[in-house]
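Structure at a glance
Chain residues, written in single-letter form:
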Amino acid sequence: MIGSLESRIPDGPLAEKWRKHQNNSRLVAPNNRRRFEIIIVGTGLAGGSAAATLGEQGYNVKSFCYQDSARRAHSIAAQGGINAAKNYPNDGDSVYRLFYDTIKGGDFRSREANVYRLAEVSNLIIDQCVAQGVPFAREYGGLLANRSFGGAQVSRTFYARGQTGQQLLLGAYQALSRQVAAGTVKMFPQTEMLDLVLVDGHAKGIITRNLITGEIVRHAADAVVLATGGYGNVFYLSTNARGCNVTATYRAYKKGALFANPCYTQIHPTCIPVSGQHQSKLTLMSESLRNDGRVWVPKKKNDHRAPNEIPEGERDYYLERKYPSFGNLAPRDISSRSAKEVCDEGRGVGETGRGVYLDFKEAIARLGENTIRERYGNLFDIYGKITGDNAYEKPMRIYPAVHYTMGGLWVDYNLMSNIPGLHVLGEANFSDHGANRLGASALMQGLADGYFVLPYTLPNYLAGQIGKRPAPDHPEFLRAESEVRGRIQHLLDLDGARSVDSFHRELGLLLWDKCGMARNAAGLQEAIERIPQLREEFWSPNGGVSVLGKGETFNQSLERAGRVADFLEFGELMCRDALARDESCGGHFREEHQTAEGEALRDDDNFADVFAWEYQGNGKPNEPILHQEPLHFESVQLATRSYK
């Protein structure tokens, strides 16, 4: 049983906490760093930047990814930009304003100290990336350009057209490649982590499977870092790459790591709508488009006229009407729910009625088509290839979709989980975004954690671990390997009739209906009862899932089965978390708790806490134990969010 959660937030004024913590943190001398081995799982912005930085400092790093190259991590999919408080447009931005917008955007459900640190180091990220040659957009005079994003009234988002994530990842990748060439980082591509190994309660290694050969390998280290992204694919249809999964963090959870706020899912308002049952994923249109595009639906129900045939007076620019201060740049959770509301009223567009228009006609008339092409050309090209429509001539159709997950493994101020030695970075941890992430902040958190936080905080653990690394043949490694092999064999022995995808699709639809944009107690209870039944069907020796092929070979059916099996357990945890949090906040919208105007209604007296869950087993009576970390606000005043 885990005791109280020690967040290890330093004392003192908010603006001085990080510097004080740096000054008081333990150090590892340069001559001792080469005696340590660090495992980093994931090569996106968080994992890639951490591996490059720790390698540069002289540590021996093992870097793992399931892609064929580190540069294919899902971070490349981030399109619109990265936030920083440089205040280049001189429009009133500051570190404090970035901090406050992030706290407010997360509906006051994140740690003050972590968020302020994120805002503090944001400016260093831009300097680092410019030095690496990241091709940020520039003004005519050569200065870096900024644009606006949702949830802010200043322009603080740096961007590289609609390819910001890709360009930032290439910067981290070249730094990582330098360390690979120098011999401080050893890469393990096409390798999946299947379990965490604990020795005397400390994270000291992982068990992996080579996705090409099927070989199971034990890897020992002095510390383990997980930077494995989010779990949005639990919903089956999401904007995430198909390979994104929860396996690494969920297996750590089953070894004792607390999972925090798993129900916090971000629904992105600007996605190409679902077109049919054939789809296995959805495509995002960057939030940056809402800078110049106007969102609207017809005022009349069931108005099936072409958009250009609907006169201006018969259009409802509902975000501008409801939230005049922010308009089309209202935060993602609010914009997504607003789109659902107008579609539920029967005013949605497209064949399914599940869509709204994002219209650039006015911007093209005001700025010229060439300017719009320069800003968003590649995004318009993607839209055209997928839909066959020309967005320069008629409005885009968009609808909300699962995009990002704010929940993740619980970590303290050092980014270490409750398991000593297990550090968690980026989207894989819970720490910075509360109940709703502001756009352009995911890239900021990933690079902040990897470049500027972990290199300072990791020595606090490592300084006391010299000479304590176990051998890979330690009994705990052998035990963990045996469990992994047993699980794989169990999957291969199943001789069912259903495909892995059929189970995943059913789970995803259930979660979307019961734990998606809106939740209620009855629906969540229904999901909690149905998911164990679905899980039992999956594992049924006759009539359950069909897993083809063998273990020690290239076998994508086995890969998918293992990941979906974890989703089938994790989905229940999400619903339990959503049911226990009896309030609305950010992306967690409980229908029982809303204002007269349909906005989220928080309960700060009872739920201004982090919910962190401890694994006890699957199904009744092995329900997870809930631990709560109270959130203390010293510099901001809890207030009802208003973007009107």
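Definitions and cut-offs
- Residues numbered from 1 in each chain as written.
- Predicted model: local features only at pLDDT ≥ 70, side-chain atom pairs only at ≥ 80, totals over all residues.
- Heavy atoms only, no water.
- Helix = DSSP H or I, 4+ residues; strand = E, 2+ residues; numbered from the N terminus.
- Rg over C-alpha atoms; globule rule 2.2 N^0.38 Å.
- Buried < 20%, exposed > 50% of the residue type's maximum accessible area, 1.4 Å probe, protein only.
- Contact = heavy atoms within 4.5 Å.
- Areas by Shrake-Rupley, 256 points an atom, 1.4 Å probe, with all protein chains shown as cover.
- Lys, Arg positive; Asp, Glu negative; His and termini not counted.
- Charge placed at Lys NZ, Arg CZ, Asp CG, Glu CD.
- Salt bridge = Lys/Arg side-chain N within 4 Å of Asp/Glu carboxyl O.
- Expected span 1.5 Å × (residues − 1).
- Phe/Tyr/Trp six-rings, centres within 6.5 Å; stacked < 30°, edge-to-face > 60°.
- Pairing = 2+ DSSP bridges.
- Axes fitted to C-alpha atoms, helices over the stretch in contact; angles between N-to-C directions.
- Domains from an automatic or database assignment.
- Buried area = accessible area lost by both parts, 1.4 Å probe.
- Polar contact = N/O pair within 3.5 Å; in protein donor to acceptor, adjacent residues only side chain to side chain.
- Right-handed = clockwise from strand over helix to strand, strands pointing away.
- 1 Å grid on protein atoms, 1.4 Å probe; cavity = no way out; pocket = protein on both sides within 12 Å on 5 of 7 lines; lining within 4 Å.
- Points joined across faces, edges and corners; volume = space filled by probe spheres on them.
- Nonpolar A, V, L, I, M, F, W, Y, C, P; charged D, E, K, R; others polar.
- Core = buried A, V, L, I, M, F, W, Y, C linked by side-chain atoms within 4.5 Å.

Some details on the overall build of the protein
- A tally of helices and strands in the protein yields 17 helices and 19 strands.
- Expected size for 644 residues packed as a compact globule is a radius of gyration near 26 Å; at 24 Å, the protein falls within 12% of this value.
- C-alpha atoms of the protein, sized along the principal axes, occupy 75 × 60 × 50 Å.
- Relative to its full complement of 644 residues, the protein shows a buried share of 61%.
- Across the protein, the fraction of contacts at a sequence separation of at least 24, relative to all contacts at a separation of at least 6, is 73%.
- If you sum the accessible surface of the protein, you get close to 24,100 Å²; carbon and sulfur atoms cover 47% of it.
- Taking the 74 positively charged and 76 negatively charged side chains of the protein as two groups, their mean positions are separated by 4 Å.

Some details on the pattern of salt bridges
- Tallying each qualifying case throughout the model produces 59 salt bridges.
- One salt bridge connects R560 with D501, and the closest N-O pair in it is separated by 2.4 Å. A residue pair is termed long-range when its members are at least 10 positions apart, and R560 in helix α16 (residues 556–580) and D501 in helix α14 (residues 500–515) qualify at 59 residues.
- Among the residues examined, D501 registers a relative accessible area of 27% and is labelled partly exposed.
- Salt bridges sharing partners connect three or more residues here, namely D107, R109, D333, R337, R581, E583, R602, D604 and R641.

Some remarks on α16
- In this model α16 runs 36 Å from its N-terminal to its C-terminal C-alpha over 25 residues, within 8% of the 36 Å that 1.5 Å per residue would give.
- Within α16, 21 of the 25 residues are buried, leaving the element largely enclosed by the surrounding structure.

Observations regarding the packing of aromatic side chains
- Counted according to the given criterion, the structure contains 27 aromatic pairs.
- Here the aromatic rings of W296 and Y357 are separated by 4.8 Å at their centres, their planes lie at 45°, and the arrangement is tilted. Here W296, found in strand β12 (residues 294–298), pairs with Y357, found in strand β14 (residues 356–359); they are 61 residues apart in sequence, far enough to count as distant.
- Taking relative accessible area as the criterion, W296 reaches 0% and is therefore assigned buried.

Regarding the sheet that holds strand β5 (residues 185–188)
- The strand order β5-β2-β1-β9-β17 describes an open sheet built from 5 strands, whose pairing is parallel. A strand with exactly one partner marks an edge of an open sheet, and here the two such strands are β5 and β17 (422–424). Taken pair by pair, the neighbouring strands of this sheet meet at an average axis angle of 20°, ignoring direction.
- Sheet topology note: the strand β1 (residues 37–41)/strand β2 (residues 60–64) ladder contains 5 bridges and is parallel. Bridge pairing in β2 places V41 opposite F64.
- Taken strand by strand, helix α12 (residues 442–462) contacts β1, β9 (223–226) and β17, and its axis lies near 145° from that of β9.

Examining the environment of K20
- Here K20 shows up in helix α1 (residues 17–24).
- Residue K20 is classed as partly exposed on the basis of its relative accessible area of 37%.

Describing the sheet that holds strand β7 (residues 202–210)
- With respect to topology, 3 strands assemble into an open sheet ordered β6-β7-β8, the strand pairing being antiparallel. With one partner strand each, in any of the chains shown, β6 (191–199) and β8 (216–220) form the two edges of the open sheet. On average, adjacent strands in this sheet sit at an angle of 25° to one another, irrespective of strand direction.
- Inspection of the sheet shows β7 paired to β8 by 5 bridges, in the antiparallel sense. Each residue of the ladder has a partner; that of R209, found in β8, is I216.

Thoughts on the environment of F99
- Structurally, the position occupied by F99 is in helix α4 (residues 95–105).
- Sequence separation of F99 and R117 is 18 residues, and the distance between their C-alpha atoms is 8.4 Å.
- Other than its neighbours up to four places away in sequence, F99 contacts L14, E112, V115, Y116, A119 and V636.

Here's the deal with the domain arrangement of the protein
- Per the domain assignment, the segments of the protein are domain 1 (34–260 + 406–462) and domain 2 (268–403).
- If you look at the interface, domain 1 gives 25 residues, while domain 2 gives 29 residues.
- The contact between domain 1 and domain 2 buries some 2,400 Å² in all, and 51% of this surface belongs to carbon and sulfur atoms.
- Where domain 1 touches domain 2, the interface holds 16 residue pairs in polar contact (both at pLDDT 80 or more).

Remarks on the pairing of β2
- By the criterion of burial, β2 is predominantly enclosed, with 4 of the 5 residues buried.
- With respect to chirality, the unit in which β1 leads through helix α3 (residues 45–57) into the neighbouring parallel β2 is right-handed.

Overview of helix α9 (residues 332–347)
- Listing the buried residues of α9 in full gives R332, D333, I334, S335, S336, R337, S338, A339, V342, C343 and R347.
- Buried-residue contacts for α9 involve β11 (265–271), β12, β13 (315–316), α8 (318–322), β14 and β15 (396–405).

Some words on the layout of surface pockets
- Of the volumes computed, that of the second largest pocket is approximately 750 Å³.
- Looking at the second largest pocket, it is lined by 31 residues, and the ones nearest its centre are L237, V274, L509, W512 and D513.
- For the lining of the second largest pocket, the secondary-structure elements that each account for two or more residues are β15 and α14.
- Sorting elements by how many residues they give to the lining of the second largest pocket places α14 first, with 7 residues.
- Of the residues that constitute the lining of the second largest pocket, the class distribution is 16 nonpolar, 7 polar and 8 charged.

Section: the nonpolar core
- Within the largest apolar cluster, 180 residues are counted, with the highest numbers of intra-cluster contacts made by I38, I82, L196 and L422.
- Counting residues domain by domain, this core receives three or more from each of domain 1 (34–260 + 406–462) and domain 2 (268–403).
- Residues within four places of L196 in sequence aside, it is in contact with A203, G205, I206, V224, A252, K255, I419 and L422.
- In this structure, W296, I310, Y317 and V349 belong to the second largest nonpolar core, which totals 5 residues.

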